[in-house]
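# Analysis of the macromolecular model
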There are 2 protein chains.
Amino acid sequence: MKRPPKAPSITVSDVARQAKVSKATAARALGGYGRVSKTVRAAVLEAAKALDYRPNELARSMTTGRSGSIGVIVGDIENPFFSLAVRGISDVARRSGINVILANSGEEVEAEKSAIRVLMAKQVDGLIVTPAQSGDIAHLKEIACPLALLDRALPELDVDTVTVDDRNAALRATRMLTQAGHRRIAYVTAAVLSGDFRGAESSINTSTVRERILGFLDACREAGIEEAERDIHFGSGRSESAHAVLLQLLRSADRPTAILASDSVVALDLFKAIRECGFGIPRDISLITFHDADWTSVTTPPITVIDQPVYALGKSVAELLIRRLKGDDRPPERIVLPTTIIERMSVGRSPEAIGQGLNRS
Amino acid sequence: MKRPPKAPSITVSDVARQAKVSKATAARALGGYGRVSKTVRAAVLEAAKALDYRPNELARSMTTGRSGSIGVIVGDIENPFFSLAVRGISDVARRSGINVILANSGEEVEAEKSAIRVLMAKQVDGLIVTPAQSGDIAHLKEIACPLALLDRALPELDVDTVTVDDRNAALRATRMLTQAGHRRIAYVTAAVLSGDFRGAESSINTSTVRERILGFLDACREAGIEEAERDIHFGSGRSESAHAVLLQLLRSADRPTAILASDSVVALDLFKAIRECGFGIPRDISLITFHDADWTSVTTPPITVIDQPVYALGKSVAELLIRRLKGDDRPPERIVLPTTIIERMSVGRSPEAIGQGLNRS
DNA sequence: TTCATGTTTGAGACCGGTCTCACAAGAAAA
DNA sequence: TTTTCTTGTGAGACCGGTCTCAAACATGAA
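Rules of the game
- Residues numbered from 1 in each chain as written.
- Chains lettered and ligands numbered in written order.
- Predicted model: local features only at pLDDT ≥ 70, side-chain atom pairs only at ≥ 80, totals over all residues.
- Heavy atoms only, no water.
- pLDDT = per-residue confidence, 0-100.
- Contact = heavy atoms within 4.5 Å.
- Least-squares fit on C-alpha atoms with pLDDT ≥ 70 in both.
- Axes fitted to C-alpha atoms, helices over the stretch in contact; angles between N-to-C directions.
- Helix = DSSP H or I, 4+ residues; strand = E, 2+ residues; numbered from the N terminus.
- Left-handed = near helix turned anticlockwise from the far one by under 90°.
- Nonpolar A, V, L, I, M, F, W, Y, C, P; charged D, E, K, R; others polar.
- Pairing = 2+ DSSP bridges.
- Near = heavy atom within 4 Å.
- Polar contact = N/O pair within 3.5 Å; in protein donor to acceptor, adjacent residues only side chain to side chain.
- Buried area = accessible area lost by both parts, 1.4 Å probe.
- Salt bridge = Lys/Arg side-chain N within 4 Å of Asp/Glu carboxyl O.
- Domains from an automatic or database assignment.
- Buried < 20%, exposed > 50% of the residue type's maximum accessible area, 1.4 Å probe, protein only.

## So, the confidence of the model for chain A
Residue and element names in this part refer to chain A. Summary statistics for chain A give a mean pLDDT of 89 and a share of 92% for residues scoring 70 or more. The low-confidence segment residues 1–6 (pLDDT under 50) makes six contacts with residues lying over four places distant or belonging to another chain. Long-range and interchain partners of residues 357–361, a stretch whose pLDDT sits below 50, account for seven contacts in this model, where long-range means more than four residues apart.

## A closer look at the relation of the copies chain B and chain A
Laying chain B over chain A is done by rotating through 180° and shifting 0.0 Å along the axis; what remains is an RMSD of 0.1 Å. Considering both components of the superposition, the chain copies are consistent with a two-fold axis.

## With respect to the packing of helix α1 (residues 12–19) of chain B against helix α3 (residues 38–51) of chain B
All names here are of chain B. Where α1 meets α3, the closest approach of the two axes is 9 Å, and the angle between their N-to-C directions is 115°. Judged by the twist between their axes, the crossing of α1 over α3 is right-handed. The residues of α3 that touch α1, namely those facing Asp 14, Val 15, Gln 18 and Ala 19, are Ala 43, Val 44, Ala 47, Ala 48, Ala 50 and Leu 51. Of the residues assigned to the contact of α1 with α3, the class counts are eight nonpolar, one polar and one charged.

## A closer look at the sheet that holds strand β6 (residues 185–188) of chain B
Strands in a sheet are paired, the pairing made by backbone hydrogen bonds, and the direction either parallel or antiparallel. Residues and elements named next belong to chain B. Sheet architecture is open: six strands sit in the order β7-β6-β8-β9-β10-β12, paired in mixed fashion. Strands with a single pairing partner mark the edges of an open sheet, and in this sheet they are β7 (232–233) and β12 (340–342). Bridge count between strand β10 (residues 304–307) and β12: three bridges; the pairing is antiparallel. Paired with Ile 306 across the two strands is Ile 341, which belongs to β12.

## Here's the deal with the protein's contact with DNA strand D
Every one of the 29 residues lining DNA strand D counts as a neighbour, but Lys23(A), Thr63(A), Ser22(B), Thr25(B) and Val40(B) are closest to it. Among the atoms of DNA strand D lying within 4 Å of the protein, the sugar-phosphate backbone contributes 57%. Within the side chain of Lys23(A), an N or O atom sits 2.8 Å from a base oxygen of DNA strand D. Residue Arg35(B) places a side-chain N or O atom 3.2 Å away from a phosphate oxygen belonging to DNA strand D. Along the lines of polarity and charge, the residues of the surface near DNA strand D split into 14 nonpolar, eight polar and seven charged.

## Observations concerning the interface of chain B and chain A
Chain B puts 49 residues into the contact, and the matching count from chain A is 49 residues. On the chain B side of the interface with chain A, the three residues burying the most area are Leu58(B), Lys122(B) and Val298(B), jointly 15% of the side's total. Summed over the shared surface of chain B and chain A, the number is six salt bridges. Here Arg54(A) ties to Glu142(B) by a salt bridge, and the two come within 3.8 Å at their closest N and O atoms. Where chain B packs against chain A, one counts 15 residue pairs in polar contact (both at pLDDT 80 or more). Among the elements of the structure, α4 (57–64), α5 (80–95), β2 (99–104), α6 (109–121) and α11 (264–276) of chain B are those that each provide at least two residues to the side of chain B that touches chain A. Of the residues contributing to the side of chain B that touches chain A, the split by class is 18 nonpolar, 15 polar and 16 charged.

## Some remarks on the domain arrangement of chain A
As far as domains go, chain A holds domain 1 (12–64), domain 2 (69–164 + 310–338) and domain 3 (166–308). For domain 1 of chain A and domain 2 of chain A, the distance between their C-alpha centres works out to 35 Å.

## So, the environment of Leu150(A)
Mapped onto the elements of the fold, Leu150(A) is located in strand β4 (residues 147–150). Overall, the relative accessible area of 0% leaves Leu150(A) in the buried class.

In structure tokens:
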């Protein structure tokens, strides 16, 4: 199957022989542990250089138990949100000499489980996960190494977690919409809800999703909007069918006049769908989205966004996890990073409000 | 340093003891190699399940020499081009049960070298690299495992390579510009040129960069444009200073009337800079960019792009590399994938051409 | 000079798998 | 019945590092 293993790779023993010392001594000099006299160390190092010795991390990991790498499981690397967060993680990791094994769950629990299994088998020292679902988290509880959660908290899982102030962010954004006179406001997310949603927020375990919906509903309630729940749409992922659902929503008689999108991918899809329907932003529909993605500032009109500190999000989890790897055992921390709303031009007064001359401010 | 290694992990020996067979037999049943009787296998598997045995991949890799993972070194995961390509790679890899260790070079050779060292030490079975520079490739030649190049070919390195038809793509795009009457056309790239560029194409070793410039110059020559070389701008990476250089370019007296951008990140920066200068696209400046990024279709006007099969690019290298890992030893392949130009609204007639009524077609 | 202390070194076990080899037992061939 | 395969199993070496332990040597105090 494999080419005659051409790797007659140089080992400590080879170096030891060359330097005329014992394997143990050579290993000490090479590995930088234990005590070795200056002269011997120099000799060993020279021999190593001459032989072009390269340590085998795998073998090292075997005995130390530490692999020097962490696993990161995200929903979708293609989503700029995740790629930026991953960037934050890997920058921190590299600085600590740790490397990152990346896995995509595609937001599917089964893929997530499998990824965990594989990464654990690879003996990663720690794991950073963005849980795809909330209901099924047994596999997360079983993880034997330090675990940290990124962007999505799980109340039942008491581990280091970094999220943003989702509820408040959603509240502020939605309020911006209600204050512009909107009464039919939709919240559109790619998250998939297992089961039916009928106002039972408690059934949503993924913090990000639940908190945002809670904030959304808070604002609606505050404005006296009833049955806001019916305008919450799940499962608007990257697919033809999701796009079709969006078009249907926009073309329905009692379509929303404002939309809050849960991430920039969904928002882009919405933006296209809105245009496809011939609607104008913000004339016919107002739009706000989570994540200040590249494109949101160059569209016409530019989109008002909830700016999340994505890079910092990644940076923070990585720091938390690495600190724990180093032996820190204070109780798990739950860091909540603040968001800011960047107002651009995608929010306008509700057509109805204008028509009725209501709510002017 | 580390918590008292709480990992009294279950090993084959434990399972063997439980199943009352020898370690060797248990290993055979568990590892699925050699011959084991049905009954014994069942017993071992049951014992393994009871004990919740999980194989240690590291140990396995040690003896087999295979680690079951490949390393991928890209310039910048944040760039949608790379994240999409990585997606292609990891999809293929997962299907083969191989996982991906990702590293960012930040387009810096030193980081690239270091990443290679680390990944080699981790005993990756193969490596996919997007070489940051072209001059300094000694470290790539020294790589002991199968290597494949993504998006950028290196003539001196005879390994599996997947690129796109850069020269022809640049030629067609530039021709589109010359045919619209443009005479001052700039090519803007993030690539950094070591040394000075004075028409010495041969000094550029990175195929992608060289081929595109060649195509660009072909088209210029074809249109009788002289000294097109002076309008080639390197180093427009993601930075404040790069942006400043762009602004300066756009504000100069003899600014270009059309620009070809080498990737969507540069193009977005250009788009913003052009707007910042108060110019209209395509009225004052025409723009074409490589890579059909998300945002290019939603700007006003939407941007004409050279659509590269990015996902396929990743998919192909991964397939090539994995095939080689499996023992295939036919000579290295160089696959060139075709691109198509998606015409949108960012190309207009040159202001001069309009003024002089020239070149109408 | 002798004993205590400290430094440097080598021998060999160990990590958790794979794999070679020898041997036993049953099946098929002589 | 004896010989030859075939199949299933166990003992133990091995991968390439780390690490424990004790021996060898050096140094300083008594």
